[in-house]
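# Coordinate analysis (summary)
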Amino acid sequence: MLNQILSKVMVRLSSLKITVVCLFSLFVLVFVGTLAQVSYGIYQTQQRFFLSAFVWLDTGFGFSIPILPGAELIGSIMIINLSAVIWTKNLLSVKKLGLGLMHVGMIFLLVGAWITSAAGIESQMAIKEGQTASYSESSRVNELVFEASLNDTQNKEYVISQQYLEKNTFVEDTQLPFTIKLLNVWPNAWLRRASDLENSQVKGLGQSISVAPKPLATQDNELNFFTVKIEILNKEGGSEGVWIVSRGLGAKQTVIIDDLSYDMSIRSERYHYPFSITLKDFTHDVYPGTQIPKNFSSLVELNDSETGETRDVLVYMNHPLRYRGHTFFQASYGENNTLSVLQVVKNPGWRIPYIACLMISFGLCFHFLVKLAAFSNKQRKREKGLS
Amino acid sequence: MKRYITKQNILKGSFFLGVILWSMQGLFGAGVPETARIFGQLPIQANGRIKPVDSLARETLLYFSHKQSTLVNGKKMSASEWLLDVVSNPDIADSYSVFKIQDGTVKDAFHLDEKERYFSFNELKPHYTVLEKHSISIEKLDKSQQSLFQQHILTLYDQLNLYMRLQSSLYPSNVVEKGVYLDELGQIFVEYAYLLTGKHGVPPQSEIIGDAVDHSGHNHGPSSEHDHGNNHDNHDGSGIDRENMGWKKLSFVVNSSRYYEQMAVFKVFPPEQEESVSVKEKESNQLTDNWAPLATLVTRSVFTGKENPVVRLYASFLDAVYKKNNSKAIESGQDLLRYYDKQVPRAFSKAKNEALFNRLQIFYRSMVLFLLAAVCIGASWLIKNRAVFWIGRQFVFVAFGLQVIGQVFRMVIQGRPPVTNLYSSAVFVGLMAVLLGMIVERFFKNKLGLFVSAVIGFITLIVAHNLSIQGDTLEMMQAVLDSNFWLSTHVVSIVIGYSGMFLSGFLGIVFICRYFFGRSFSDEDQRELYKMVYGIVCFNLAMNFVGTVLGGIWADQSWGRFWGWDPKENGALLIVIWSALMLHARMAGIFRVRGFMVAAVFGNIVTAMSWFGVNMLGIGLHSYGFMDSAFVWLLLFCMVQVFFIILGLLPPKWVTPKIR
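Calculation notes
- Residues numbered from 1 in each chain as written.
- Chains lettered and ligands numbered in written order.
- Predicted model: local features only at pLDDT ≥ 70, side-chain atom pairs only at ≥ 80, totals over all residues.
- Heavy atoms only, no water.
- Helix = DSSP H or I, 4+ residues; strand = E, 2+ residues; numbered from the N terminus.
- Rg over C-alpha atoms; globule rule 2.2 N^0.38 Å.
- Buried < 20%, exposed > 50% of the residue type's maximum accessible area, 1.4 Å probe, protein only.
- Contact = heavy atoms within 4.5 Å.
- Areas by Shrake-Rupley, 256 points an atom, 1.4 Å probe, with all protein chains shown as cover.
- Lys, Arg positive; Asp, Glu negative; His and termini not counted.
- Charge placed at Lys NZ, Arg CZ, Asp CG, Glu CD.
- 1 Å grid on protein atoms, 1.4 Å probe; cavity = no way out; pocket = protein on both sides within 12 Å on 5 of 7 lines; lining within 4 Å.
- Points joined across faces, edges and corners; volume = space filled by probe spheres on them.
- Nonpolar A, V, L, I, M, F, W, Y, C, P; charged D, E, K, R; others polar.
- Phe/Tyr/Trp six-rings, centres within 6.5 Å; stacked < 30°, edge-to-face > 60°.
- Domains from an automatic or database assignment.
- Buried area = accessible area lost by both parts, 1.4 Å probe.
- Pairing = 2+ DSSP bridges.
- Expected span 1.5 Å × (residues − 1).
- Patch = residues over 30% accessible without salt bridge, like charges linked within 9 Å, V, L, I, M, F, W, Y side chains within 5 Å.
- Salt bridge = Lys/Arg side-chain N within 4 Å of Asp/Glu carboxyl O.
- Core = buried A, V, L, I, M, F, W, Y, C linked by side-chain atoms within 4.5 Å.
- Polar contact = N/O pair within 3.5 Å; in protein donor to acceptor, adjacent residues only side chain to side chain.

Turning to the overall build of chain A, a few remarks are in order. A count of helices and strands for chain A gives 6 helices and 18 strands. For a compact globule of 387 residues, the expected C-alpha radius of gyration is about 21 Å, and chain A comes in at 28 Å, more than 25% above that figure. In terms of overall dimensions, chain A has a C-alpha envelope of 100 × 60 × 45 Å along the principal axes. Evaluated residue by residue, chain A yields a buried proportion of 41% over its 387 residues. The contacts in chain A between residues at least 6 apart in sequence include a share of 52% that link residues at least 24 apart. For chain A, the computed accessible surface area is about 21,400 Å², with 57% contributed by carbon and sulfur atoms. Separation of charge centres in chain A, based on 35 positive and 32 negative side chains, amounts to 21 Å.

What follows is the structure in structure tokens.
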């Protein structure tokens, strides 16, 4: 009885109609998601169309409606649909090798895509010639940082990520010598000079600034001025004052708690590594007499204090440095070819698409060739029959 | 043996031979004067690569007039011949009508003759200052804000500038006799050499050059010669004056040299190499080093007193051409070729091969043959004549053979896989579609594979021709793309996928046409065509998927991400999704025979969009500039497909009630 119900459900789930609807929605989604990049830029479009369950449209009446299924939703339905098909059509048998491989591979591909979007981190490491870096910076996300110098040699840093700031109203921790109350958070903001009266309760630079929300940046070269308005409370619960801290403010602001002075600022989120990279030389070749770039390359020294590994690596187009789960690519350059920007990618699922695509490609080609051979046999027989 | 020598076979054989001879007529140097042929072969460096003068001449002429040759007094003139006149005899070349202006508003703005399409430099020169004023203000606008008129103004301004730079790329355009000019410069050196050798306690040569340039501040070009000439007349005589005169003359030589160095569109000779460099290295350096323009060599000979032979050889060649002394011109031209052959053998042979490739015009000839083939095969259905079909088939074979030769030629010249830019992708899509079509024809033997091949071959070569107007088709690769491995795997498989999509799409069109307009389209014929398209769609899915995945791997290797949803990736993905959708909808019973065909035609739109559409996205959707000609053509193509799709969706009884 239960078996019957199960197989009935499975047959329903494996319906080809679901497949066709999924493929069609995906087709529409990708098409619209490509056009949308013209006005929203690639990053926002990715978030809205391909890293969400629904594509929401702001109606302008204070609420949004879903207008398209997002890639996450379509992908999930496809995984269910594919699994059911493999079950009901018994695609795992040797006879259906080609079909089985391509459909199982497809599941792998979808799962791999999900892992990458959930766990992959991209950041950038900018190094000047002769300098050393042991951290990279996010180009999208920021962090709020409090720096205190304990003595001449020792510094202490307290870092709170943008994600945490956007989701909470209080920042409290036993390690943190104070509590932060978040009065306002702007993912991107206009900063304007204001009259002193407006912000009289605010201390520091924020006194003369008025903040207004701004839509998120659409172009890759635009920066989001992530801004927060915070009240700092000491451990006894007394207020130390209100500050406006923003990515758009160049200078750091100071707060003194328990006789220790903290510099607060907002900067790109940093990812620290147990190894360091020194840029020895950056070269930028062009074809003679033109501006067409021929090659970019960075000669770097990799220095791992934990393993004691020290070596020179040449990072150039199509030849990244892969080290300890991170990959460093030549991404950009600046300052008269003395600054090199490496893209740092951490993607624990990077192998999955390789495996998945190998399976699908093999499956497709195998199936096609088997069918072609059968067809050409039939055709030959028919010709013989005719003559 | 004898039974092969029938009347029919002789006829067939001579026909075949005729077609091949026609295709290869470029080998015999048809119609090009010897001087222009020699000039066309000379190796130069332009746009970062070594090429023959002929390639530069063709691409420039294409840019100006959208054709690779021009008409002078009703006579056809080759590109090399035209460029030779431009550099040797500017006065005559200025009267050649080579600038194509189609935009009526541009013609109006400059009071040009409405009915003319081509204009000469002489006709446009009076408007240059106005054009310059306009262009400077237009250039400040963002490209997306420029109107079509403004863009045409900018193009015309750019064309005129390029033309003027070309005139002075070898010797300054106001120099009539190059040999005399060299002698005069040499005289300056002889007269004032003592200033440079430092005998009178003056600084050595290198400092003088730097000093002279610093004083001038900017380059004022050839016009200053006049002033110096006057000074010379007034102050000849006293020692100090003579010395001042000398400095002025020398600094004038340096300044004008600087000016012409920057003006030069192409460079003529590699730098001298140190003795220590090995022979093999020297050879490869010939191709990658930064060559020097003729102006630099001229100045160097003035200052060192040691003349680079190229300087004098070019001068006597151009002078002989100018004086219409044909035998002298050929003689000195051949001297020049011999000198290049001896000094830079690799660059010389590279340029010579490319010049031959240009002269053969392989892709043009196969385009003509494809058209003839399509006409013949189409006609063979109407008049039911086997001989006409046979002729059409030979045309396809020869055209395909030519295309393969051309493709291999390109690959050898460039040392690259077949597809390196949009132009070559168009050529390759055609090549592969024809190959696939011929394979399909082998299976089905119903003439359709060949017919559609010929049509696609013709269309893609037309597209390629129009893409070639944008510039050098053998251009150097951008750093990001510089990977022969990925170019030969990912790009090639994607492009084969495109050709498969077009093949199935065009067969879909054939189906729809026969369904609605054909007299007899039996169920059996329908099923056969359906099977053809089905097979090709399966192939398309496999090919496009593999190609897209290889692209993902390349992206992962160079940017650290397998997939980034960027427009080009999405375009490829759309093709894959559409192919998969077609196959699944067919299995689900949603697409029957006709529906499947209509879907295949829609595949044409998807492919064209992914191939060209995504390249146009960046231009901005809300601008006038977006409506450039390529976009219009793309839209037109899509509209034609939509027409067939709608036709395919109509209930059959509406269209041909009397037949069924």
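Text resumes after the structure shown.
On to the overall build of chain B, then. Along the backbone of chain B there are 28 helices and 6 strands. Within chain B, buried positions represent 54% of all 660 residues. Considering only contacts in chain B between residues 6 or more positions apart, those separated by 24 or more positions represent 73%. When the accessible surface of chain B is split by element, carbon and sulfur atoms take 59% of a total near 30,300 Å².

Residue and element names in this part refer to chain B. Inspection of the entire model under this criterion finds 4 cavities of 30 Å³ or more. Estimates place the volume of the largest cavity at around 120 Å³. Lining the largest cavity are Leu170, Tyr171, Pro172, Tyr181, Leu185, Val253, Ser256, Ser257, Tyr260, Ala295, Val298 and Thr299. Listed by contribution, the elements that provide at least two residues to the lining of the largest cavity are α10 (178–197), α13 (239–263) and α15 (294–304). Per element, the largest residue contribution to the lining of the largest cavity is 4 residues, and it comes from α13. Classifying every residue of the lining of the largest cavity by side-chain character gives 9 nonpolar, 3 polar and no charged. Of the pockets and cavities examined, the second largest cavity occupies roughly 90 Å³.

Right, let's get into the packing of aromatic side chains. Evaluation of the coordinates by the stated rule reveals 48 aromatic pairs over all chains. Relative to Phe328(A), the ring of Phe275(A) lies with its centre 6.1 Å away and its plane at 75 degrees, an arrangement referred to as edge-to-face. Within this pair, whereas Phe275(A) is found in strand β13 (residues 260–286), its partner Phe328(A) is found in strand β17 (residues 326–334), the two being separated by 53 residues in sequence. Residue Phe275(A) is classed as buried on the basis of its relative accessible area, which comes to 2%. Accessibility expressed as a relative area gives 0% for Phe328(A), which makes it buried. In this structure an aromatic cluster arises from ring pairing among Tyr63(B), Phe64(B), Trp82(B), Phe99(B), Phe121(B) and Tyr163(B).

So, on to the domain arrangement of chain A. All names here are of chain A. Each assigned domain of chain A is listed with its residue range as follows: domain 1 (2–119 + 350–386) and domain 2 (134–271). Its C-alpha centre places domain 1 at a distance of 44 Å from the equivalent point of domain 2. With 6 residues of domain 1 at the interface, the matching set in domain 2 holds 5 residues. The junction of domain 1 with domain 2 conceals about 440 Å² of combined surface from both sides, 52% of it contributed by carbon and sulfur atoms.

Take the sheet that holds strand β11 (residues 239–246) of chain A next. Residues and elements named next belong to chain A. Here 4 strands make up an open sheet; going across it, the order is β6-β7-β10-β11 and the pairing antiparallel. Either end of the sheet is taken by a strand with one partner, and the two such strands are β6 (170–171) and β11. When strand β10 (residues 227–233) meets β11, the two strands line up antiparallel, connected through 7 bridges. Note that in β11 the partner of Thr227 across the bridge is Ser246.

All names here are of chain B. A rise of 1.5 Å per residue sets the reference length of helix α18 (residues 345–360), with its 16 residues, at 22 Å; its end C-alpha atoms lie 23 Å apart and thus fit the reference within 8%. Where α18 is concerned, the buried positions are Ala347, Phe348, Ala351, Glu354, Ala355, Phe357, Asn358, Arg359 and Leu360. Phi turns positive, to about 55 degrees, at Gln361, one or two residues after α18.

Moving on, we come to a negative patch on the surface. Together, Asp108(B), Asp113(B), Glu114(B), Glu116(B) and Glu123(B) give the surface a local cluster of negative charge. Position of Glu123(B) relative to the elements: it lies in helix α7 (residues 121–124).

Relative to the assigned elements, Ser424(B) resides in helix α21 (residues 422–444). Setting aside chain neighbours within four positions, we find Ser424(B) in contact with Arg410(B), Pro418(B) and Val419(B).

Time to look at the nonpolar core. Judged by nonpolar contacts, the single largest core of 147 residues is most densely connected at Leu29(A) and Leu529(B). With 19 residues, the top contributor of residues to this core is helix α23 (residues 484–517) of chain B. Those residues in contact with Leu29(A) that lie beyond four places of it in its chain are Phe49(A), Phe50(A), Val55(A), Leu68(A), Pro69(A), Gly70(A), Ala71(A) and Ile74(A).

Taking 1.5 Å per residue, 21 residues should reach 30 Å; helix α19 (residues 362–382) of chain B reaches 31 Å between its end C-alpha atoms and fits that length. Phi turns positive one or two residues past the end of α19(B), at Lys384(B), with a value near 50 degrees.

Along the chain, Gly100(A) turns up in helix α4 (residues 97–119). C-alpha separation for the pair Gly100(A) and Lys280(A), spaced 180 residues apart in sequence, amounts to 51 Å.

This part is about the pattern of salt bridges. Residues and elements named next belong to chain A. All told, the structure shown has 19 salt bridges over all chains when counted by the stated rule. Where Glu335 meets Lys128, a salt bridge forms, and the shortest distance between an N and an O atom there is 3.0 Å. Placement of the pair is Glu335 in the loop between β17 and β18 (339–346) and Lys128 in strand β3 (residues 121–128), with a sequence separation of 207 residues. When its relative accessible area of 34% is taken as the criterion, Lys128 is described as partly exposed. In this structure, Lys252 engages Glu147 in a salt bridge whose closest nitrogen and oxygen atoms are separated by 3.2 Å. Taken together, the positions of Lys252 in the loop between β11 and β12 (253–257) and Glu147 in strand β4 (residues 132–149) put the pair 105 residues apart, joining distant regions of the chain. Residue class for Lys252 comes out partly exposed when judged on its relative accessible area of 45%. Overlapping salt bridges, with partners in common, bring together Glu143, Glu157 and Arg267 in one network.

Residues and elements named next belong to chain B. Here strand β3 (residues 69–72) runs beside strand β4 (residues 75–78); their pairing, made up of 4 bridges, is antiparallel. If you follow Val72 over to β4, its bridge partner there is Lys75. Taken together, β3 and the strand that follows it, β4, pair antiparallel across an intervening segment of 2 residues, in which Asn73 is found at a positive phi of about 50 degrees.

Taken together, the contact pairs 57 residues of chain B with 49 residues of chain A. Buried area between chain B and chain A, summed over both chains or domains, comes out near 4,700 Å², and the portion from carbon and sulfur atoms is 71%. Between the two partners, chain B and chain A, sit 1 salt bridge. For Glu528(B), the salt bridge goes to Arg382(A), with nearest N and O atoms at 3.7 Å. Linking chain B with chain A are 5 residue pairs in polar contact (both at pLDDT 80 or more), by the criterion used here. The set of elements that each furnish at least two residues to the side of chain B that touches chain A consists of α21, α24 (523–559), α25 (567–587) and α26 (593–617) of chain B. Within the side of chain B that touches chain A, the residues separate by chemical class into 33 nonpolar, 14 polar and 10 charged.

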